[in-house]
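Each chain, written out:
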Amino acid sequence: MSAREVRVRFAPSPTGPLHIGGVRTALYNFLFARQHGGKLVFRIEDTDSNRFVPGAEDYILESFKWLGINFDEGVSFGGQYGPYRQSERREIYRRYVDQLLEEGKAYYAFDTPEELEAKRGEIRNFQYDASTRMQMRNSLSLPADETARLLQEGVNYVVRFKIEPGEDVHVNDIIRGDVVINSSILDDKVLYKNADGLPTYHLANIVDDHLMEISHVIRGEEWLPSAPLHVLLYRALGWEETMPRFAHLPLLLKPDGKGKLSKRDGDRLGFPVFPLEWTDPKTGETSSGYRESGYLPEAVVNFLALLGWNPGNDEELLSMDDLVRLFDLTKCSKAGAKFDYVKGQWFNHEYILNSDDEKLAPTFADILRDNGIEAPMESVVRVVGLMKGRVNFVKELWPLCSFFFVAPTTYDEKTAKKRWKDFSARQMSELAALLEALSDFSMAAQEEAVNAWLAENDYKMGDVMNAWRLTLVGEGKGPHMYEISSFLGQAETLKRMRRAIEILG
C-alpha cells in the first residue's frame, strides 16, 4: 500500500431496491476501508432523473444500518467533500465538460434519436467512434459557424468523449492484473446531456472520485468494460497521477445454470435477493427481504463475504471483526460465484445456534402473539434455548414447539398406531400417579423417580417415553421428555396425560 490515505466509495443509484450483489460490493469496500484505517464514502448517483424511484434512497440507507455496514461520510453522513448527491453537483461537472471541449478532447453532437436509429439500421453493429463520427451531425463534421448557430438556437445536444483509435489501454486491476483493451473497440461515450444539464455516469464518477480523493474503486465485474474509458478520461483531464486503483469483483451467479443472479431466480427458488422487503411504488408488487425472511444480519454479512473471496483456510463462521482482519482483495476470485442460497440458510442456522436466547426471544414472542399466545418472556427464552438448534429461522420455531404453549387436541394417527400399545393407558395412568405424588417436579427429581419405577416394574424405557411424548405433544417430536414436563409444570403435565389416556384408551 502507498502512503496515500485509503478512501473508497459505494455509489448506488436510487432507482429501486438494493440488489444483494450491491450489498456485497459495499461490504467489500467497508472491509477494505476498515482494514486499512481508511474512509468509506456514501455517494448517490442520481444523474438519470427518469429512473428515480421515491423511497429508494431511504431503503438503501436502512439496509446498511440493519447490516451494520457503516459509512464515514456522504449523503446523510456529512463530510468535507460534499455535496455527495450528483444532482447537486451540476456546476462542478460543467467545468470539466467545458475543459474537455476547449482542449479538443470532447465534442458537441446534435444527432437526434431518429438519426441515430437510422444509422444503426444502415450500419450493422454501429457504434459512434472514430470510423463513423464524421458521418454524423457533430462539431467535428459540421462547419464551425453551423455548430455555433445550433448552440445559439438552443438545439439539444450531447457532449461526446473523443477517443483516438489504435491505442492499448492498460487497466491495473488488483484482482485481474493488467487488463489491456484497444481503444479502437471503444465508442465515443456521451459525457453530458444539455437536455437536463446533467453528466452521464462516466464523467460524473471520474470527477467525483478525483475531487473526493478516492484511492480505490472496488466495484462489480459488470463495470470492467468501462474501466479503459475511465483511464482515458483521467488522462484527458490531467489526473493520471491520482487515478485510483481498480478492483473488479466477480459476478454473483445463478444457483443453478448459467448467468447473473436475478430477482427471477429468487422468485423461482424461494429466496430473497434484496436485504429488506421492497414494495414497488408503481406496481405495488412486494419482494421479500432477508430481514423480513428471518435472517440475522451477521449471518447475511458472513455469507456474502465468502461469495467470491475466502480467507485461505477452512474457517467459515467469521465475525465482522474477523472479516476486517482477514480480508484481502488479491484473494478474490476472478470467476463468478454461484449464489448458494442453501448455504445462506446454513449460516443463519449457525448464527441462531450461537446467539443468546435473550436476543432471539423477542422475535419469537411476536410470533407467539400473532398466534394468540401471551407468554412470560422467561418462558419464551427457555423454549428458544431448547429448540433453536433445530431451525434455520426463528419463525420455524412455532410449528415445531407450539405444544409448549397449546395442549394437543388431536393425536397424530401414525404416531399413535406405532407408539400407543395395548398397555400404554395402564402405564400412563401409573406414571401420572407417580408424578402427581412428587413434591419436587424438577427434571432431576422426575428422572430419578421414573427410572426407579421403570426398574421396579421392568418396563421398557422406549415404550414409556414414546407414549408419554404422545400424551404431552400430540405427536412424536420435541426435546427430552423431562425438559417438556418440567416446562409445562406438574398440573399441566397431569392434565394432558389424563386427557390423552381418556381419548386414546
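Residues numbered from 1 in each chain as written. Predicted model: local features only at pLDDT ≥ 70, side-chain atom pairs only at ≥ 80, totals over all residues. Heavy atoms only, no water.

Draft legend 1. A look at the pattern of salt bridges. For the structure shown, the criterion picks out 40 salt bridges. Between Arg7 and Glu73 there is a salt bridge; the shortest N-O distance is 2.9 Å. One end of the pair, Arg7, is in strand 1 (residues 7–10); the other, Glu73, is in strand 3 (residues 73–74), and 66 residues separate them in sequence. The class for Arg7 is buried, based on a relative accessible area of 2%. Between Asp265 and Arg268 there is a salt bridge, with the nearest N and O atoms lying 2.9 Å from each other. Placement of the pair is Asp265 and Arg268 together in helix 8 (residues 263–269), with a separation of three residues, close to one helical turn. Looking at Asp265, the relative accessible area reads 3%, which means it is buried. A network of salt bridges, in which partner residues are shared, links Arg9, Arg43, Arg89, Asp208 and Asp209. (Salt bridge = Lys/Arg side-chain N within 4 Å of Asp/Glu carboxyl O. Helix = DSSP H or I, 4+ residues; strand = E, 2+ residues; numbered from the N terminus. Buried < 20%, exposed > 50% of the residue type's maximum accessible area, 1.4 Å probe, protein only.)

Draft legend 2. Looking closely at the layout of surface pockets. Approximately 1200 Å³ is the volume found for the largest pocket. Lining the largest pocket are 40 residues, and of these Pro12, Ser13, Thr15, Glu222 and Trp223 lie nearest its centre. Elements with a minimum of two residues in the lining of the largest pocket: strand 1, helix 1 (20–35), helix 6 (201–211) and strand 10 (216–220). For the lining of the largest pocket, the element with the highest residue contribution is helix 1, accounting for four residues. For the lining of the largest pocket, the per-class residue count stands at 17 nonpolar, 12 polar and 11 charged. (1 Å grid on protein atoms, 1.4 Å probe; cavity = no way out; pocket = protein on both sides within 12 Å on 5 of 7 lines; lining within 4 Å. Points joined across faces, edges and corners; volume = space filled by probe spheres on them. Nonpolar A, V, L, I, M, F, W, Y, C, P; charged D, E, K, R; others polar.)

Draft legend 3. Quick look at the sheet that holds strand 4 (residues 106–109). Sheet architecture is open: four strands sit in the order 4-5-8-9, paired in antiparallel fashion. The open sheet terminates on both sides in strands that have one partner only, identified here as strand 4 and strand 9 (198–199). Of the strand pairs in this sheet, strand 8 (residues 190–193) and strand 9 are connected by two bridges, and their pairing is antiparallel. Pairing of Tyr192 across the sheet is with Pro199, part of strand 9. (Pairing = 2+ DSSP bridges.)

Draft legend 4. Just the packing of helix 9 (residues 297–305) against helix 11 (residues 341–354), in detail. Interhelical geometry of helix 9 versus helix 11 gives an angle of 135° and a closest axis separation of 9 Å. For the element pair helix 9 / helix 11, the angle class is oblique. With respect to the hand of their crossing, helix 9 and helix 11 are arranged in right-handed fashion. Here Glu298, Ala299, Asn302 and Phe303 of helix 9 come into contact with helix 11, specifically with Tyr341, Lys343, Gly344, Phe347, Asn348 and Tyr351. Its residues assigned to classes, the contact of helix 9 with helix 11 shows five nonpolar, three polar and two charged. (Axes fitted to C-alpha atoms, helices over the stretch in contact; angles between N-to-C directions. Parallel < 35°, antiparallel > 145°, perpendicular 65-115°, else oblique. Left-handed = near helix turned anticlockwise from the far one by under 90°. Contact = heavy atoms within 4.5 Å.)

Draft legend 5. A look at the pairing of strand 2 (residues 39–42). As paired elements, strand 1 and strand 2 share four bridges and run parallel to each other. By the bridge assignment, Val8 is partnered in strand 2 with Leu40. Since strand 1 and strand 2 lie parallel, the crossover through helix 1 that links them has a hand, and here it is right-handed. As defined by bridge partners, strand 2 adjoins strand 3 across two bridges and the pair is classed as parallel. The residue of strand 3 that forms the bridge with Phe42 is Gly74. Viewed along the sheet, the connection from strand 2 through helix 2 (residues 56–67) into strand 3 turns out right-handed. (Right-handed = clockwise from strand over helix to strand, strands pointing away.)

Draft legend 6. Up close: the pairing of strand 6 (residues 168–173). Residues Val169, Val171 and Asp173 of strand 6 are buried on one face, while the alternating residues Asp168, His170 and Asn172, pointing to the opposite face, are not. As paired elements, strand 6 and strand 7 (residues 177–182) share six bridges and run antiparallel to each other. Along strand 7, the bridge assignment pairs Val171 with Val179. Between strand 6 and strand 7, which pair antiparallel in sequence order, lie three residues.

Draft legend 7. Fine view of the nonpolar core. With 156 residues, the main nonpolar core has Leu329, Phe339, Phe364 and Trp468 as its most contacted residues. Apart from the residues lying within four places of it in its own chain, the contact partners of Phe364 are Val380, Val383, Val384, Val394, Leu397, Trp398, Cys401 and Phe405. (Core = buried A, V, L, I, M, F, W, Y, C linked by side-chain atoms within 4.5 Å.)

Draft legend 8. Looking closely at the UniProt feature "short sequence motif: 'HIGH' region" (unreviewed entry) in the protein. The positions that UniProt labels "short sequence motif: 'HIGH' region" (unreviewed entry) are, in the present scheme, residues 12–22. The distance from the first to the last C-alpha atom of residues 12–22 is 8 Å, and the span holds 27% helix and 0% strand. (UniProt positions renumbered as here; feature names shortened; annotations may be inferred.)

Draft legend 9. Fine view of a positive patch on the surface. Among the surface-exposed residues, Lys414, Lys418, Arg419, Lys421 and Lys460 lie close enough to one another that they form a single positively charged patch. Looking at where Lys418 falls in the secondary structure, it is placed in helix 15 (residues 413–419). Overall, Lys418 belongs to the exposed group, its relative accessible area being 54%. (Patch = residues over 30% accessible without salt bridge, like charges linked within 9 Å, V, L, I, M, F, W, Y side chains within 5 Å. Areas by Shrake-Rupley, 256 points an atom, 1.4 Å probe, with all protein chains shown as cover. Lys, Arg positive; Asp, Glu negative; His and termini not counted. Charge placed at Lys NZ, Arg CZ, Asp CG, Glu CD.)

Draft legend 10. Region of the structure containing the side chain of Asn138. Relative to the elements of secondary structure, Asn138 occurs in the loop between helix 4 (113–122) and helix 5 (144–152). For Asn138, the side chain forms a polar contact with the side chain of Tyr128, separated by 2.9 Å. Setting aside its immediate chain neighbours within four residues, Asn138 contacts Tyr107, Tyr108, Ala109, Phe110, Tyr128, Arg133 and Thr147. (Polar contact = N/O pair within 3.5 Å; in protein donor to acceptor, adjacent residues only side chain to side chain.)

Draft legend 11. Seen up close, the sheet that holds strand 2. Strand order in the open sheet made by the three strands is 1-2-3, with parallel pairing throughout. Here the strands that pair on one side only, and so sit at the sheet edges, are strand 1 and strand 3. Along the sheet, helix 1 makes contact with strand 1 and strand 2, crossing strand 1 at roughly 165°.

Draft legend 12. Geometry of the domain arrangement of the protein. Taken domain by domain, the protein comprises domain 1 (87–249), domain 2 (263–352), domain 3 (355–404) and domain 4 (413–504). For domain 3 versus domain 4, the separation of C-alpha centres amounts to 24 Å. The partner domain 4 presents 11 residues to the 10 residues of domain 3 that form the contact. Where domain 3 abuts domain 4, roughly 940 Å² becomes buried across the two surfaces, and 64% of that area is made up of carbon and sulfur atoms. The largest share of the area that domain 3 buries against domain 4 comes from Arg382, Phe403 and Phe404, three residues that together contribute 60% of it. Linking domain 3 with domain 4 are zero salt bridges. Counting residues per element, the ones that place at least two in the side of domain 3 that touches domain 4 are helix 13 (377–387) and helix 14 (397–401). Looking at the side of domain 3 that touches domain 4 element by element, the count peaks at five residues for helix 13. (Domains from an automatic or database assignment. Buried area = accessible area lost by both parts, 1.4 Å probe.)

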